Amino acid sequence: MKAPLVGVAGMTHLGLVSGSALAGHGFEVVCFDRDQALVARLERRDWPVLEPGLDSLICANGARQRFTGTAKELASCDIVYVAPDVPTDDQGRTELSGLTALIRDVAAAMNSEAVLVVLSQVPPGFTRGLGLWPSERLFYQVETLVFGQAVERAMKPERIILGCADPGAPVEPRYRALLTAFDCPIMPMRYESAELAKISINCCLVASLTISNTLAELCERIGADWAEIAPALRRDRRIGSYAYLSPGLGISGGNLERDLGTVLSLSETHGTENGLITAVVRNSRYRRHWALRQLHARVLSRVADPLIAILGVTYKENTRSIKNSPAVALIHQLIDFRIRVFDPAVRPSPQWHPGMTVADDALACCDGADAMVILTAWPQFRSLRPSELRGRMHGRVVIDPGSVLDRAAATGAGLEHVVLGAPSPAQPQQ
């Protein structure tokens, strides 16, 4: 059978990475977006997202991957993915109108015998409720995008979760040929199960994170060290070596919040118990202020007119996303204090803090600071030498929730190094 021609509609993060991965597996891919300015940007190799390996992947794809702003070009495709990022508001609520409109436009342009695949994350019931494509050629495929690791996961998925009208029926031959090229288990299930599967995965992740956060805080108070405990948990087969056990500053990025909100909404609609999810949300909101609490106790309540250095504003490394970023939240909370900020990928906005200054590099950011906070684990921050930081700073407090700096070296340099889940260093007496 001839390899199917594939279309991908929606060239934001998910669509661009997914289309590139399909071309990387040898398929000819037509990448469509209605935004002509975005298409022009893509054609000049100016990617709208930061993802390790994306540029080299698209370069290697060559003529197999092309960009277009003309929907009619999808008419020649055997399979069309609809894959724009679905926006969420500050409360994690999903806005589906743009996705629904795009699906309608794409379906109108497609060959009537083609396969339509929804890849964007949607709530249970969405795909079956579309009613605009024959069910035997309409699928929902669970996206596995993780910011900063998207290319690797798209090229080598752990499994493909596939929503179908009838999971017992054979998958359409052209689509099956595409899926088998990824050489991983294919798990067909009904639409609603697949739509809920992605949410279930994220709920399990945030439950593990919440447990880690709860116990890590206890470690800080009683002299235990979560970094010593977590490896023992990973050795338990019931938990596993890949368990999500790193404590953090609450849930950020947008997708996890959306899924928790979806579960709470479905639970209220159908009258199911949701105490665990409610507790997860409450814990996340509490953890968001960990760095501020540490700063207040160690610096803000002790030092007159302190200067605070903040390294990193993106919600995690290897992305430009600041969605629900703990750093941006902290900057807003420090509105009455002097701050200096640096991030290697994002220029901080003056609207975040009227008195904020922006540094050109990490070391310059720390010059004369009474305290430094490392809120994004960018690889380049790991190479910072604590002894040099101590020499540049006016104070010695380093709030480093993710333990980016070497802990022994930081302590040896005389820094008051504060890490999530580790015994808190003694504070000097006033």
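The structure reproduced in this document is the subject of the present report. (Residues numbered from 1 in each chain as written. Predicted model: local features only at pLDDT ≥ 70, side-chain atom pairs only at ≥ 80, totals over all residues. Heavy atoms only, no water.)

1. Looking at the pattern of salt bridges
- Within this structure, the stated rule accounts for 19 salt bridges.
- Here Asp 46 ties to Arg 41 by a salt bridge, and the two come within 3.1 Å at their closest N and O atoms.
- Look at Asp 46 and you get partly exposed, because its relative accessible area is 30%.
- When the shortest N-O distance is used, the salt bridge between Arg 238 and Asp 236 registers 2.8 Å.
- Salt bridges sharing partners connect three or more residues here, namely Asp 367, Arg 385, Glu 388 and Arg 392. (Salt bridge = Lys/Arg side-chain N within 4 Å of Asp/Glu carboxyl O. Buried < 20%, exposed > 50% of the residue type's maximum accessible area, 1.4 Å probe, protein only.)

2. Examining helix 2 (residues 36–43)
- Buried within helix 2 we find Leu 38, Val 39 and Leu 42. All buried residues of helix 2 lie within an arc of 100 degrees about the axis, which places them on one face of the element. Relative to its buried face, helix 2 has exposed residues pointing more than 90 degrees away, namely Ala 37 and Glu 43.
- On its buried face, helix 2 is in contact with helix 1 (13–24) and strand 3 (65–68).
- Near the N-terminus of helix 2, the side chain that reaches the backbone nitrogen of Ala 37, with its oxygen 3.0 Å away, is that of Asp 35.
- Note on helix 2: the residue one or two positions beyond its end, Arg 45, has a positive phi of about 65 degrees. (Helix = DSSP H or I, 4+ residues; strand = E, 2+ residues; numbered from the N terminus. Arc of directions from axis to C-beta. Contact = heavy atoms within 4.5 Å. Polar contact = N/O pair within 3.5 Å; in protein donor to acceptor, adjacent residues only side chain to side chain.)

3. Some words on the packing of helix 1 against helix 3 (residues 54–61)
- Between helix 1 and helix 3, the least distance of the axes is 9 Å, while the angle of their chain directions is 45 degrees. Comparing their axes, helix 3 and helix 1 come out oblique. Once helix 1 is placed against helix 3, the crossing between them reads as left-handed. Contacts from Leu 16, Val 17, Ser 20, Ala 21, Ala 23 and Gly 24 of helix 1 reach helix 3 at Leu 54, Leu 57, Ile 58 and Asn 61.
- Partitioned by chemical class, the residues of the contact of helix 1 with helix 3 number seven nonpolar, three polar and no charged. (Axes fitted to C-alpha atoms, helices over the stretch in contact; angles between N-to-C directions. Parallel < 35°, antiparallel > 145°, perpendicular 65-115°, else oblique. Left-handed = near helix turned anticlockwise from the far one by under 90°. Nonpolar A, V, L, I, M, F, W, Y, C, P; charged D, E, K, R; others polar.)

4. What about the sheet that holds strand 8 (residues 186–190)?
- Judged by pairing direction, the sheet is mixed, and its eight strands sit side by side in the order 3-2-1-4-5-6-7-8 without closing on themselves. If you trace the sheet from one side to the other, it starts and ends with strand 3 and strand 8, each paired once. Sheet twist, expressed as the average angle between the axes of neighbouring strands with direction ignored, equals 25 degrees.
- Here two bridges tie strand 6 (residues 138–141) to strand 7 (residues 160–164), and the two strands are oriented antiparallel to one another. Following the sheet pairing, Gln 141 is matched in strand 7 by Leu 162.
- Along the sheet, helix 7 (residues 191–222) makes contact with strand 6, strand 7 and strand 8, crossing strand 8 at roughly 115 degrees. (Pairing = 2+ DSSP bridges.)

5. Considerations on the nonpolar core
- Judged by nonpolar contacts, the single largest core of 44 residues is most densely connected at Tyr 81, Tyr 175 and Leu 178.
- Ranked by the residues each element gives to this core, the list is headed by helix 1, at six residues.
- For Tyr 175, the residues in contact, after removing those within four places along its chain, are Ile 79, Tyr 81, Val 115, Val 117, Phe 139, Gln 141 and Leu 162.
- Among the nonpolar cores identified, the runner-up in size contains 31 residues, and Leu 5, Leu 74, Leu 96 and Ala 107 belong to it. (Core = buried A, V, L, I, M, F, W, Y, C linked by side-chain atoms within 4.5 Å.)

6. Some thoughts on the environment of Ile 308
- Note on placement: Ile 308 falls in strand 9 (residues 307–311).
- As a C-alpha pair, Ile 308 and Ala 197 span 111 residues in sequence and 42 Å in three-dimensional space.

7. Considering the environment of Ile 58
- Topologically, Ile 58 is positioned in helix 3.
- The exposure class assigned to Ile 58 is buried, which follows from its relative accessible area of 8%.
- Here the alpha-carbon distance between Ile 58 and Val 17, two residues 41 residues apart in the chain, equals 9.2 Å.
- Leave out the neighbours within four places in its chain, and Ile 58 touches Leu 16, Ser 20, Trp 47 and Gln 65.

8. Here's the deal with helix 3
- Looking only at helix 3, the buried set comprises Leu 54, Leu 57, Ile 58 and Asn 61. For helix 3, the arc enclosing every buried residue in end-on projection is 95 degrees, short of the 170-degree limit, so these residues lie on one face.
- Close packing links the buried residues of helix 3 with helix 1, strand 3 and helix 5 (150–155).
- Immediately beyond the C-terminal end of helix 3, within one or two residues, lies Gly 62, with a positive phi of roughly 55 degrees.

9. Some details on the pairing of strand 1 (residues 6–9)
- On strand 1, burial covers both faces: Val 6 and Val 8 on one face and Gly 7 and Ala 9 on the other are all buried.
- Alignment of strand 1 against strand 2 (residues 29–32), held across four bridges, turns out to be parallel. Residue pairing in the sheet places Val 6 in a bridge with Val 29 of strand 2.
- Handedness of the crossover is the feature at issue here: the chain leaves strand 1, passes through helix 1, returns alongside strand 2, and the resulting connection is right-handed.
- The pairing of strand 1 with strand 4 (residues 79–82) spans four bridges and is classified as parallel. Pairing of Gly 7 across the sheet is with Val 80, part of strand 4. (Right-handed = clockwise from strand over helix to strand, strands pointing away.)

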